[in-house]
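Here is how the chains run, residue by residue.
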Amino acid sequence: MVKERRGSVILDKKDFENFFSLLAEKYTIFGPSQDDNGDAFTKIDSPQSLKLHYKNTHLSLKSYFFPQTETLLTFDNHMKITKGKENETEEQTKCSILFGVRPCDATAIYFLDKVFQESSPPDPYYVKRRSVTRIISFACTDPSSTCFCTSVACGPDSEKGSDIIFFELDGHYLVKQITQEGEEILEGVKELLKPVTDKHIEEKDRSMVAARHKLRKIFEVSNFVKKLENFEAPYWEKLHQKCLGCGICTYMCPTCHCFDMTDEVTGSGGRRVRTWDSCMFPLFTLHASGHNPRPTQKERMRQRLMHKFNYAPKIFGEVFCVGCGRCVVHCPVNLDLRSVVQQIMEEQ
Amino acid sequence: MKPSEHEIINTVKKLLADKKIDLFIGYEQGTLPLRTSPCFLVNPDDSNKLIWNSFCANNLTVYLSRIMPNGKNKKFKRIGILCKGCDSRSLTGLIREKQIKREDLYIIGISCQGIIDSRKLLPQLNSDEILSIDEDDDSIIVKLKSGEERFKRNHYLYDACLNCAYPTPGEYDMLVRTAKYAPQVSVPDPAVKEFMGKPREERWRIFEHELSKCIRCYACRNVCPNCYCKECFAEQTKPTWFGVTSERSDLLFYHLTRIFHQAGRCVDCGACVRACPMNINLRLFTRMLVDEVKERFGYEPGLSIKEQSVLAAFEIDDKQEFMTEPEKGT
Amino acid sequence: MSNPYVPMPAKIDDIIIENEARDIKTLKVSFTDKDDWKRFAFMPGQFAEISIFGAGECPIGIASSPTEKGYLLFTVKRAGLVTMQLHRAERGEIIGLRGPLGNTYPLHKMEGHNILIIGGGFAFTTLRAAIKYIIEENNRKRFDDITVIYGARTPGELIYKKELWEWEKRRDMKTYITVDRGDKDWKRREGFVPSVLKEISPRVNETIALVCGPPIMIKFTLPVLDELGFMPESIFLSLEMRMKCGIGKCGRCNIGHKYVCKDGPVFSFAELQELPSEY
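As the structure is a computational prediction, the values presented were derived from the model and not from experiment.

Draft legend 1. Highlighting the overall build of chain A. Counting secondary structure elements, chain A contains 12 helices and 12 strands. In summary, chain A has a C-alpha radius of gyration of 22 Å against a globular reference of 20 Å for 348 residues, a match within 12%. Seen through its principal axes, chain A has C-alpha atoms that stretch 65 × 60 × 35 Å. Of all 348 residues assigned to chain A, the portion counted as buried reaches 45%. For chain A, restricting intrachain contacts to residue pairs at least 6 apart in sequence, the fraction spanning at least 24 positions comes to 72%.

Draft legend 2. Region of the structure containing the overall build of chain C. When you go through chain C residue by residue, the secondary structure sums to nine helices and 15 strands. Radius of gyration (C-alpha) of chain C: 18 Å, near the 19 Å computed for a compact globule of 279 residues. The principal-axis extents of the C-alpha atoms in chain C amount to approximately 50 × 45 × 35 Å.

Draft legend 3. View of the interface of chain A and chain C. Of the residues lining the interface, 39 residues belong to chain A; the matching set on chain C comes to 30 residues. Those elements giving two or more residues to the side of chain A that touches chain C turn out to be β4 (69-76), α3 (103-118), α4 (124-131), β11 (259-266) and α10 (297-316) of chain A. When residues of the side of chain A that touches chain C are assigned to their parent elements, the largest contribution, six residues, is made by β11 of chain A. Residues of the side of chain A that touches chain C, tallied by class, amount to 23 nonpolar, eight polar and eight charged.

Draft legend 4. Layout of the nonpolar core. The biggest cluster of nonpolar side chains holds 244 residues, and the ones touching the most others in it are Val-223 of chain B together with Phe-74 and Ala-209 of chain C. For this core, the element with the highest residue contribution is α3 of chain A, accounting for eight residues. Ignoring sequence-local partners within four residues, the contact set of Phe-74 of chain C consists of Thr-26, Leu-27, Val-29, Ile-50, Ile-60, Ile-62 and Ala-63 of chain C.

Draft legend 5. Molecular detail of the pairing of strand β6 (residues 95-101) of chain A. Residues and elements named next belong to chain A. β6 sits mainly inside the fold: five of its seven residues count as buried. As defined by bridge partners, strand β2 (residues 27-32) adjoins β6 across four bridges and the pair is classed as parallel. Each bridged residue has a counterpart across the sheet, and for Ile-29 the counterpart in β6 is Ile-97. Where β6 and strand β7 (residues 133-138) come together, five bridges link them in parallel fashion. Bridging across to β7, Ile-97 finds its partner in Arg-134.

Draft legend 6. Molecular detail of the domain arrangement of chain A. All names here are of chain A. Here the domain parsing of chain A yields domain 1 (8-214) and domain 2 (221-346). On a C-alpha basis, the centroid separation for the pair domain 1 and domain 2 is 26 Å. Contact residues are listed per partner, giving 34 residues for domain 1 and 29 residues for domain 2. Those elements that place two or more of their residues in the side of domain 1 that touches domain 2 are β4 and α3.

Draft legend 7. Fine view of the interface of chain B and chain A. With 24 residues of chain B in contact, the opposing surface of chain A contributes 25 residues. Of all the elements in the fold, those that place two or more residues in the side of chain B that touches chain A are β2 (36-41), α8 (219-223) and α10 (271-275) of chain B. Per-class residue counts for the side of chain B that touches chain A are 12 nonpolar, eight polar and four charged.

Draft legend 8. Looking closely at the environment of His-58 of chain A. Residue and element names in this part refer to chain A. Checked against the element boundaries, His-58 lands in the loop between β3 (41-43) and α2 (62-65). Under the C-beta neighbour-count criterion, His-58 is labelled partly exposed, with 17 such atoms within 10 Å. Among all residues touching His-58, those that are not within four sequence positions of it are Asp-39 and Ala-40.

Draft legend 9. Here's a closer look at the domain arrangement of chain C. Residue and element names in this part refer to chain C. Each domain of chain C was delimited in the assignment, giving domain 1 (8-101) and domain 2 (107-238). In this structure, domain 1 and domain 2 have C-alpha centres spaced 24 Å apart. Contacts between the two partners involve 18 residues from domain 1 and, on the opposite side, 14 residues from domain 2. Taken together, the residues that form the side of domain 1 that touches domain 2 break down as seven nonpolar, seven polar and four charged.

Draft legend 10. Inspection of the sheet that holds strand β4 (residues 56-61) of chain C at higher detail. All names here are of chain C. With antiparallel pairing, six strands are arranged side by side in an open sheet as β4-β3-β6-β1-β2-β5. Strands with a single pairing partner mark the edges of an open sheet, and in this sheet they are β4 and β5 (72-77). Averaged over all neighbouring strand pairs, the angle between strand axes comes to 40°, with direction disregarded. When strand β1 (residues 8-17) meets strand β6 (residues 94-101), the two strands line up antiparallel, connected through four bridges. Bridge pairing links Met-8 to Leu-97 in β6. On top of the sheet, helix α2 (residues 81-88) reaches β2 (24-31), β3 (47-52), β4 and β5; it is set at about 80° to β4, its chief contact.

Draft legend 11. Broad picture of α4 of chain A. Looking at α4 of chain A, one finds that the buried residues are Pro-124, Tyr-125, Tyr-126, Arg-129 and Arg-130 of chain A. Buried residues along α4 of chain A sit in contact with α2, β4, α3 and β7 of chain A.

Draft legend 12. Geometry of the sheet that holds strand β7 (residues 147-152) of chain B. Residues and elements named next belong to chain B. Strand order in the open sheet formed by three strands is β5-β6-β7, and the pairing between neighbours is antiparallel. A single partner strand is all that each edge strand has here, and the edge strands are β5 (130-135) and β7. Averaged over all pairs of adjacent strands, the angle between strand axes in this sheet comes to 20°, irrespective of strand direction. Inspection of the sheet shows β5 paired to strand β6 (residues 139-144) by five bridges, in the antiparallel sense. Across the sheet, residue Glu-135 finds its bridge partner in β6, namely Ile-140.

Draft legend 13. Region of the structure containing the packing of α3 of chain A against α4 of chain A. Residue and element names in this part refer to chain A. Contact pair α3 / α4: the axes reach a minimum separation of 8 Å and the direction vectors enclose 125°. In terms of axis orientation, α3 runs oblique to α4. Counting all contacts with α3, which are made through Asp-113, Phe-116 and Gln-117, the residues of α4 involved are Tyr-126, Val-127 and Arg-130.

Draft legend 14. Structural context of the environment of Leu-91 of chain B. All names here are of chain B. Tracing the chain through its elements places Leu-91 in helix α3 (residues 85-96). Taking C-alpha positions, Leu-91 is 8.0 Å from Pro-225, a pair spaced 134 residues apart along the chain. Not counting chain neighbours up to four residues away, the residues in contact with Leu-91 comprise Thr-61, Cys-83, Ile-107 and Glu-171.

What counts and what doesn't
Residues numbered from 1 in each chain as written. Chains lettered and ligands numbered in written order. Predicted model: local features only at pLDDT ≥ 70, side-chain atom pairs only at ≥ 80, totals over all residues. Helix = DSSP H or I, 4+ residues; strand = E, 2+ residues; numbered from the N terminus. Rg over C-alpha atoms; globule rule 2.2 N^0.38 Å. Buried ≥ 20, exposed ≤ 12 C-beta atoms within 10 Å, placed from the backbone. Contact = placed C-beta atoms within 7 Å. Nonpolar A, V, L, I, M, F, W, Y, C, P; charged D, E, K, R; others polar. Core = buried A, V, L, I, M, F, W, Y, C linked by C-beta atoms within 7 Å. Pairing = 2+ DSSP bridges. Domains from an automatic or database assignment. Axes fitted to C-alpha atoms, helices over the stretch in contact; angles between N-to-C directions. Parallel < 35°, antiparallel > 145°, perpendicular 65-115°, else oblique.

Given below as structure tokens:
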């Protein structure tokens, strides 16, 4: 059997510091830091500050490209638009690398690209940030008990959204180039890279099999997508009861992208801002006439699940869930998406 | 199964079977370690799902004003609910503020030994697989894959529980007693006292720092039984009170206003802190007002259904030292 | 890269009060930058997001046809924060326009067919654009018989009165105006739009119907069309939804997997039958 070696190289762990320094000359590097225990991505100045053995960040990566609050345009008192272009003040001369991203979060960015970049018209604010950012992900060897990526067609070694993916081996990293931009990055460090051998590939495959073994496959997402075709199913009546209608699941989710646009006025003019919004809030679809197509939590919960698991596949060809488990961990009433899916699958 | 759990299940089964209640809100096993989840029962046979342990954290009364808007619910005429001490004070508050009617409820009260903070206990388990959890008056006994470990209960309680003076519900139709305990005297919270002892600039710095983590998910509001407004001030557009962003001034405005809306009403159940995904110490500030109201007006909300809202009434001997007389100088 | 969130400035040239209750106004606007006319090439059925800086945006159907040169008409009902400000606006004020957004009435498909236009109340706006387009001198011969049925609650609530009386007089189209309840000066017919439709019983063969009205009118009109023999593929509706971005990104206006701002607001009844009825 010919083992897949194309695009893969080896980096010895002892060369990691040099690798980092070479990268840092050309790119600004962000990664999980020792200071927050891997809770967030911060600017990394030295490889010792990196905490690569972490589960996942608290908030997802979407804030880098689609921040909570974003000024779309500013205007003066005479209704003249004074700033309408994508964030001009954030001119960067150096590209950034998000280093050590989990494959689920990188896949989520791949989905958000479909919404903001590939769907016409493209969103200039997102595109500007995305075009100057590269993603180097780290395959998961020790998933959390709340991870369920393999149930949603993602995985500990998913390559979507990443430019390069690292696999940790004993004493080395297996580094796989995925995109053109990834190739450019590796060009700059090629003197540190060694050719990959079959043994390395076998070691990597074994670690991924072990990781997948830890990730129990809870459901087969393609069956769930089909099950959801029954919009008026009776099980929606009970599933929403615990839900308090807060925005935690939406805001923590790496693929949720709903937003609101609001005008603010200051003395000398004002601005239009974009902020995160959630379909779980009652005001989300409230018409000025008072009519609300989704009047109760039942309709809103159904919308959230349908949008992720039935509408998104029809619009973008992808289920908008990467199984990161943040919604499961942070829901204040422990309304577990995994149980909801299982309950629905069990219904007639 | 503990006797208290048994008692709850049998009572609820009978209540539902005899049609004395149409719905029961209690706790069921959660899907995550050290978590439980609210559960809604209409079928007497489902009563076996109910549990009671030191992880039953949620304040279930938050559902009452949603399910029974102003006491007019056609589907569920009488609702049964399981209340700990703090929960029953929230419930009394809802009755006091005319959001629900006492006669529409069947309250099963349960005296609580304090709820374990899973965020404090979980790191002690080193991600080891949990096989089972048990508890006695003194400890939580966790059977891990690597062996059994005992954790002293008092070291892992929620901050709100450490200072709890009312663990037994005051208002109930039936009371389930769990264990012997010595009720505490209501005292000002030590953490708040320490905070108030700091200089003003330091207090503001701490306040700003904590709240800068906020992402405006509104979980603190949605999980609070006192936040039942049909249209929250945070979302009004006519007029727009403040901005919708996650920038400093908007965050401070939202939280300051919400905290003050709780004055004289908050029972310090801790639901807001538990819900916050960013681990903001919201309790520090709401508890500050709880202690201040007690000090100024000798009032703690939720102790009797006959009480009046403290800020909706006044007494002749209310302290007024903050009033100034311009001629005499401030 | 052009920024789809930046509106084009337009001046309010005229304001027409459409109804007796004075809560429906038509704004006649023109772009302050002449080049923006090219960027705003539109067809009947589409809408624009109108900006009042400081209040926000709202999606309003374009009531004028592209055959009407030099101005755009937007008919606005005062309902919420932004429409309230639009109503307070005066001649000469600058507003912002983002568009054209959404899809159009299926005018290509409608060529060589009879057209049946059914409108109710305030929702007649984009139908006015369609009618003006179809009866325009150079376009008229491409379409066969034209029937317009339009009704409102009372005579005072009829909008575009000037056009309605002109259309009544034309011989190349049949216009039926009705009200639910007339007043002492009302000499035309009385009756709900669905009943008038049943009474008139227009030709079904080779006919395409455009329907736009309040939900209650639609609810009773569709069964009548079905009785008359119209196929769902030949009936087109224009829907309303709460919108913000208007370009299918903010996730707010979806009905099933279709975004009303992008895949609509014009949908065939056949399309709607495939979607969840959550609107």
